Amino acid sequence: MVLLLAVAAGLIVANLYYAQTLVGPISRATGLSAAAAGLIVTLTQVGYTVGLLFIVPLGDVLENRRLVIGALLLTAVALLTAAFSTSGWVFLAAALAIGLGSVAAQILVPIAAHLSREATRGKVVGQVVSGLLLGIMLARPVASLVADASNWHVVFGGAAVLTLMLAAVLRVKLPQRMPTSALPYGRLIGSMWTLFKTTPVLRRRAAYQAGLFGAFSLFWTVTPMMLSGPQFQISQTGIAIFALVGMAGAIASPIAGRLADAGKTLPATGVALTLGVLAFALPLLIPGSRALALGVLVVASIILDMGVAASLVLGQRAIFGMAPEVRSRLNSLYIALFFAGGALGSALGGWVFATYGWHAVLLTGMAFPALGLALWLSEPRPVAAIEASR
């Protein structure tokens with residue numbers, strides 16, 4: 001069951017990222033301008049954020065399996081619409097719906113917590129989140145490879161088929177979970193504002209991850225366009241290999257988990273945010289020939305993925321360690337807030353790249369984790385850590 005949930009979470013969340021390395025060919029085929037190309041990624045993330053705020057909380061009051069299947073069917077229809085679209089606006093509308101339905105992944109994570117024993121809950125949730133992270137990181141290279149072998153329409157058509165197959169498997173294998181709460185929908189949504197106001201850990205963790213995820217989305221929206229442009233002239237297969245190398249950043253996830261278990265969440269967060277700044281500083285400070293610039297970008301992608309993965313694990317651990325009766329709502333708030341940062345990053349990335357160029361993109365990307373790092377410096381230090389530093 002843990003393996004099924006991990007694979008399901010990865011397959012579902014991958015739908016959000018197929019378009020990131022295909023922005024160029026999609027925008028050319030659908031007539032979107034370079035300035036509007038960033039909306040392909042942005043609207044997917046906007047849809048996901050809306051779903052997190054208004055659909056995922058329903059997991060506390062509605063039967064969970066039915067909710068997951070409904071969201072997957074919506075996603076499959078949206079993917080098919082994207083696959084057959086020839087108009088930019090039709091594709092953008094489909095992208096919004098893909099994001100909305102893909103929140104099924106975040107309904108599955110609390111299900112995993114519910115099904116596991118108390119003694120192994122953290123481990124189980126960590127395994128499911130690991131599957132989710134792999135889905136995020138594999139989606140980009142898989143999309144590039146498939147598009148290079150055929151075209152981008154096949155990527156979305158294939159994803160629709162996979163999503164329908166997954167819905168059928170989960171309908172059979174996933175146990176029913178009927179929450180005991182009978183909270184009306186209006187009060188359920190209203191309680192999230194109270195949770196946001198009264199949970200400082202949530203606000204800080206969301207701000208840190210928003211900074212890193214905004215930089216991450218900006219990087220992966222613009223860099224494929226840069227790689228396929230006149231300076232590098234790299235094919236979709238080459239972009240896929242580039243994205244696969246960036247997956248090496250996933251090694252930070254278990255390291256961050258062990259640091260959090262050892263009570264090192266605060267310094268580990270500082271390191272993650274610093275890695276985010278460094279990822280954009282390197283290509284800005286080390287210009288050079290085509291080969292050197294490409295090598296620096298590879299290193300930057302690994303460093304950035306390390307920072308994002310580490311911060312996500314640190315934040316999830318802090319969130320899931322809080323009151324279990326509000327876990328779904330805290331999780332939806334956390335992810336919705338940092339995905340809003342991601343939507344801002346991808347939107348700014350496309351516009352800044354089209355208007356001001358690559359160097360302006362690097363400076364904009366650096367600003368996201370830099371703001372998070374400034375907030376981290378203001379975080380109260382534990383007394384023990386202060387005494388140790390004297």
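What counts and what doesn't
- Residues numbered from 1 in each chain as written.
- Predicted model: local features only at pLDDT ≥ 70, side-chain atom pairs only at ≥ 80, totals over all residues.
- Heavy atoms only, no water.
- Phe/Tyr/Trp six-rings, centres within 6.5 Å; stacked < 30°, edge-to-face > 60°.
- Helix = DSSP H or I, 4+ residues; strand = E, 2+ residues; numbered from the N terminus.
- Buried < 20%, exposed > 50% of the residue type's maximum accessible area, 1.4 Å probe, protein only.
- 1 Å grid on protein atoms, 1.4 Å probe; cavity = no way out; pocket = protein on both sides within 12 Å on 5 of 7 lines; lining within 4 Å.
- Points joined across faces, edges and corners; volume = space filled by probe spheres on them.
- Nonpolar A, V, L, I, M, F, W, Y, C, P; charged D, E, K, R; others polar.

(A) Representation of the packing of aromatic side chains in the model. Tallying each qualifying case throughout the model produces 14 aromatic pairs. With centroids separated by 4.4 Å and ring planes inclined at 55 degrees, the aromatic side chains of Tyr48 and Phe339 adopt a geometry described as tilted. Taken together, the residues Tyr48 in helix 3 (residues 39–54) and Phe339 in helix 15 (residues 327–355) connect sequence positions 291 residues apart. Grouping residues by exposure puts Tyr48 and Phe339 together as buried. Judged by centre distance (6.1 Å) and plane angle (80 degrees), the rings of Trp152 and Phe156 are edge-to-face. Placement of the pair is Trp152 and Phe156 together in helix 8 (residues 152–173), with a separation of four residues, close to one helical turn. Its relative accessible area of 5% is what places Trp152 among the buried residues. With a relative accessible area of 2%, Phe156 lands in the buried category. Three or more aromatic residues joined by ring pairs form one cluster here, namely Tyr48, Phe213, Phe216, Tyr334, Phe338 and Phe339.

(B) Looking closely at empty space enclosed by the protein. Inspection of the entire model under this criterion finds five cavities of 30 Å³ or more. Within this model, the largest cavity holds a volume of roughly 170 Å³. As for the largest cavity, its lining consists of 19 residues, of which Leu132, Leu133, Ile136, Leu312 and Phe338 are closest to the centre. Class assignment for the residues of the lining of the largest cavity results in 15 nonpolar, three polar and one charged.

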